[in-house]
Amino acid sequence: MAFEKRLKANAVPGCAPSSTVRTEVLAASASDTGLSPASVDLVVTSPPYANNAIDYMRAHKFSLVWLGWNLDALADIRKTYLGHDALAPELSTSLPDLCETTLARLAELDARKAQVLRRYFCEMSEVLAEMHRVLRSGGSAIVVVGTSTLRGMDVETHKALETIAGGLGFVPAGIGVRRLDRDKRMMPARWGGPRQSQIEHRMHEEYVIGLVKP
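Below you will find a few notes about this structure.

## Some remarks on the layout of surface pockets
As a volume, the second largest pocket reaches approximately 470 Å³. Around the second largest pocket, the lining is made up of 18 residues, and of these Ala28, Ser29, Ala30, Thr33 and Val43 lie nearest the centre. Classifying every residue of the lining of the second largest pocket by side-chain character gives 13 nonpolar, four polar and one charged.

## Quick word on the environment of Leu109
Relative to the helices and strands, Leu109 is located in helix α4 (residues 97-109). Taking the C-alpha atoms as reference, Leu109 lies 6.7 Å from Arg151; in sequence the two are 42 residues apart. Residues in contact with Leu109, not counting those within four places in the same chain, are Arg151 and Met153.

## Examining the nonpolar core
In terms of nonpolar packing, the biggest core is built from 33 residues, with Leu117, Tyr120, Phe121, Leu128, Met131 and Leu211 touching the most fellow members. For this core, the elements supplying multiple residues, two or more each, are β1 (40-45), α4, α5 (111-134), β2 (135-145), α6 (157-167) and β6 (205-212). When residues in this core are grouped by element, the largest group, 10 residues, is from α5.

## Brief notes about unusual backbone geometry
One non-glycine residue, Ala38, lies in positive phi territory at about 50 degrees. Looking at the secondary structure, you find Ala38 in the loop between α1 (2-9) and β1. Here Ala38 falls in the partly exposed class, since its relative accessible area comes to 40%. Phi angles above zero are rare outside glycine, and Glu156 is one such case at about 50 degrees. Note that Glu156 resides in the loop between β4 (153-154) and α6.

Rules used in this analysis
- Residues numbered from 1 in each chain as written.
- Predicted model: local features only at pLDDT ≥ 70, side-chain atom pairs only at ≥ 80, totals over all residues.
- Heavy atoms only, no water.
- 1 Å grid on protein atoms, 1.4 Å probe; cavity = no way out; pocket = protein on both sides within 12 Å on 5 of 7 lines; lining within 4 Å.
- Points joined across faces, edges and corners; volume = space filled by probe spheres on them.
- Nonpolar A, V, L, I, M, F, W, Y, C, P; charged D, E, K, R; others polar.
- Helix = DSSP H or I, 4+ residues; strand = E, 2+ residues; numbered from the N terminus.
- Contact = heavy atoms within 4.5 Å.
- Core = buried A, V, L, I, M, F, W, Y, C linked by side-chain atoms within 4.5 Å.
- Buried < 20%, exposed > 50% of the residue type's maximum accessible area, 1.4 Å probe, protein only.

Structure follows, in structure tokens:
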């Protein structure tokens, strides 16, 4: 009943339910979906941010344990998450010059953070390559992502991903900016708190990257 009430409350006015729309939920790796080449018209996704900015496993851990998962198993799964802060053993993916310049600058501040960011860029390169593979000619991908500040340096994740996608054959359509309302977030900061608190330093905007497969 609670789900049904929420569904009705969030319904788009004027859009009547349709019994002709077929949907199918699939579970697969974002870098190896198993979908046929050139079989998708549109990809809309918001991948994890660099450096494990949002710890999804921590957010869902208690629900998963309640469903019967073992904590050790969850810890192992967490290490495989895109954007995790664990180091990868070997990374052979070639990255654009823009990414390499960012990584070199970050390495001067923190070598380990630079390695973590390299892992993120390499894994996102594989994900973007899979998007390109499954999209039809003329299809589009919309990628919503926030940037990350590592050791005080803005790594401009949106620019890096757009550049990576361009090297994979996408035609970038542009990057839009979406402001995040501080009072409508999952964990809003209370008014009257310290302005320098860590929660007030969270990202206040995210970027919408438009990509087209020619």
